[in-house]
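Fold and contact review
Single-letter residue listing:
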Amino acid sequence: MKKVTLLIIILLCSCIVQSENEYFDQIEKNDVKLTKPVEGEWLFTHKEKGQSFEQFINSKHIVPTNESNIIYIRPIGHFNSLQNKQIELLREYLEIYFQLKTKTLETVSNDVIPESAQRIGHENNQQFLAGYILDNVLKKDKPLNRIALMGLTEVDLYPKPEWNFVFGLASYRDKVGVSSIYRLQDGKLTPDNFNLCLSRLLKIGSHEIGHMFGLHHCITADCVMNGTNSMSETDKSSIRLCSVCQRKLNSGIKYDNIKRLTDLERYFEKNHLAEELLLIKKDIAVIQ
């Protein structure tokens, strides 16, 4: 009897693995291979080696547990009503994207950033030192069952003196990251540019938290885990996670791939994100 039960378990596990492999093989058909980088693009100046699925599996990366299974967003600064609406839409998106409970914490004041971690940037704008926020604000912020925490500021960020700015910065080890909406909103967020700015925020947010889950920059396909140098490069990059990066994420979180796709489809449809919806529909089409 025990042998029969064991055989059934083995067969079930085999079917699950085969089904998952088939899913990734199918959606790989929609991967768009990156072309040779040109001057101004991230990979032209950053000679990255990438990360294979096998390298990811053999690396140290977080997986959800009963004690560590909630993603948190910590707003830092002064946000208007439209910006707060985008933060809530980001929370909804991250919950779908990672298939993990996601919560927004109470907003804290910019006063938590001392003058020593601020500067006036090359464009005569206020900037915060991203590393200070990681080390002195977010690492100490430990809400219940935290698996990842992303700070979100309305002030521009810089990573070190010689850099003009950075969209976001994350610590693999500490599972914290910070992103800024400053450059995503074309000077001012309005109803007219709301969806474009939202798409940018979803890309930056999922990218930075993807790093927290152990994903490196993708260098093979058009993918939300591509590094970007500029807003125009971010706009051209995909919000979609390529098949290899999806396989990495799924190997750690163990979510239902089909449910995630259909949840994303509903989200993009509800929020009138047409280009993003088209990408998801293509993935849904190839697995049917």
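Helix and strand content of the chain: 10 helices and eight strands. Along the three orthogonal principal directions, the C-alpha set of the chain runs to about 70 × 40 × 40 Å. Within the chain, buried positions represent 50% of all 288 residues. Taking the contacts inside the chain whose residues are at least 6 apart along the sequence as the reference set, 74% of them involve residues at least 24 apart. Total accessible area computed for the chain in this model is approximately 14800 Å², and 55% of it derives from carbon and sulfur atoms. One finds the centroid of the 36 positive side-chain charges in the chain at a distance of 6 Å from the centroid of its 36 negative side-chain charges.

Turning next to the sheet that holds strand 2 (residues 102-104). The strands making up a sheet associate through backbone hydrogen bonding, with each pair oriented either parallel or antiparallel. Strand order in this open sheet of five strands is 2-1-5-8-7, and the pairing throughout is mixed. Each edge of the open sheet carries a strand with a single partner, namely strand 2 and strand 7 (168-171). Averaged over neighbouring strand pairs, the angle between their axes works out to 15° when direction is ignored. Together, strand 1 (70-76), strand 5 (146-153), strand 7 and strand 8 (176-180) form the strand contacts of helix 5 (residues 130-138), whose direction differs from that of strand 8 by roughly 135°. Contacts between helix 6 (residues 194-212) and the sheet are confined to strand 1, strand 5, strand 7 and strand 8, with strand 5 contributing the most and set at about 140° to the helix.

Helix length check: helix 4 (residues 81-98), at 18 residues, gives a terminal C-alpha distance of 26 Å against a target of 26 Å (1.5 Å per residue), a fit within 8%. Residues of helix 4 that are buried: Gln83, Gln86, Ile87, Leu89, Leu90, Arg91, Tyr93, Leu94, Ile96, Tyr97 and Phe98. Looking at the buried positions of helix 4, the neighbouring elements they touch are strand 1, strand 2, strand 5, helix 6, helix 8 (243-253) and helix 9 (257-270). Of the residues that open helix 4, the one with a side-chain oxygen 3.1 Å from the backbone nitrogen of leucine 82 is asparagine 80.

Take serine 238: it is sitting in the loop between helix 7 (231-236) and helix 8. Sequence separation between serine 238 and lysine 139 is 99 residues; the distance between their C-alpha atoms is 30 Å. Aside from chain neighbours lying at most four places away, what touches serine 238 is Lys203, Asp222, Cys223, Val224 and Leu279. In terms of polar contacts, serine 238 uses its side chain to reach the backbone amide nitrogen of arginine 240, at 2.9 Å.

Turning next to the side chain of arginine 146. Among the structural elements, arginine 146 can be located in strand 5. For the buried arginine 146, no salt bridge is present, and the opposite-charge side chain at shortest range is aspartate 141, 6.4 Å distant. From its side chain, arginine 146 meets the backbone oxygen of aspartate 141 in a polar contact 2.7 Å long. Setting aside chain neighbours within four positions, we find arginine 146 in contact with Ser68, Ile70, Tyr72, Leu138, Lys139, Asp141, Asp174 and Val176.

A few words on the packing of aromatic side chains. A full pass over the atoms with the stated rule returns eight aromatic pairs. Ring centres 5.3 Å apart and planes at 20° place the aromatic pair phenylalanine 98 and phenylalanine 213 in the stacked group. One end of the pair, phenylalanine 98, is in helix 4; the other, phenylalanine 213, is in the loop between helix 6 and helix 7, with 115 residues separating them in the sequence. Phenylalanine 213 matches phenylalanine 98 in its accessibility class, with the two residues each being buried. One aromatic cluster in this structure is built from Tyr93, Tyr97, Phe98, Phe213, Tyr267 and Phe268.

When charged atoms on two side chains of opposite charge get close, those side chains can pair. Scanning all chains against the criterion turns up 17 salt bridges. Put simply, aspartate 31 and arginine 240 hold a salt bridge, and the shortest N to O gap is 2.8 Å. Here aspartate 31 is found in the loop between helix 1 (2-27) and helix 2 (42-45), whereas its partner arginine 240 is found in the loop between helix 7 and helix 8, with 209 residues between them in sequence. Judged by its relative accessible area of 12%, aspartate 31 falls in the buried class. Since its relative accessible area comes to 6%, arginine 240 is described here as buried.

Phe98, Phe213 and Phe268 are the most contacted members of the largest nonpolar core, which totals 57 residues. Once you skip the residues sitting within four places of it in the chain, phenylalanine 268 turns out to touch Tyr93, Leu202, Ile239, Leu273, Glu276, Leu277 and Ile280.

Here we take up helix 8. Burial analysis of helix 8 places nine of its 11 residues in the buried class, the great majority of the element. Along helix 8, the residues that are buried comprise Ser243, Cys245, Gln246, Lys248, Leu249, Asn250, Ser251, Gly252 and Ile253. The positive-phi residue at the C-terminal boundary of helix 8 is lysine 254, with phi of around 60°.

The rules behind the values
Residues numbered from 1 in each chain as written. Predicted model: local features only at pLDDT ≥ 70, side-chain atom pairs only at ≥ 80, totals over all residues. Heavy atoms only, no water. Helix = DSSP H or I, 4+ residues; strand = E, 2+ residues; numbered from the N terminus. Buried < 20%, exposed > 50% of the residue type's maximum accessible area, 1.4 Å probe, protein only. Contact = heavy atoms within 4.5 Å. Areas by Shrake-Rupley, 256 points an atom, 1.4 Å probe, with all protein chains shown as cover. Lys, Arg positive; Asp, Glu negative; His and termini not counted. Charge placed at Lys NZ, Arg CZ, Asp CG, Glu CD. Pairing = 2+ DSSP bridges. Axes fitted to C-alpha atoms, helices over the stretch in contact; angles between N-to-C directions. Expected span 1.5 Å × (residues − 1). Polar contact = N/O pair within 3.5 Å; in protein donor to acceptor, adjacent residues only side chain to side chain. Salt bridge = Lys/Arg side-chain N within 4 Å of Asp/Glu carboxyl O. Phe/Tyr/Trp six-rings, centres within 6.5 Å; stacked < 30°, edge-to-face > 60°. Core = buried A, V, L, I, M, F, W, Y, C linked by side-chain atoms within 4.5 Å.

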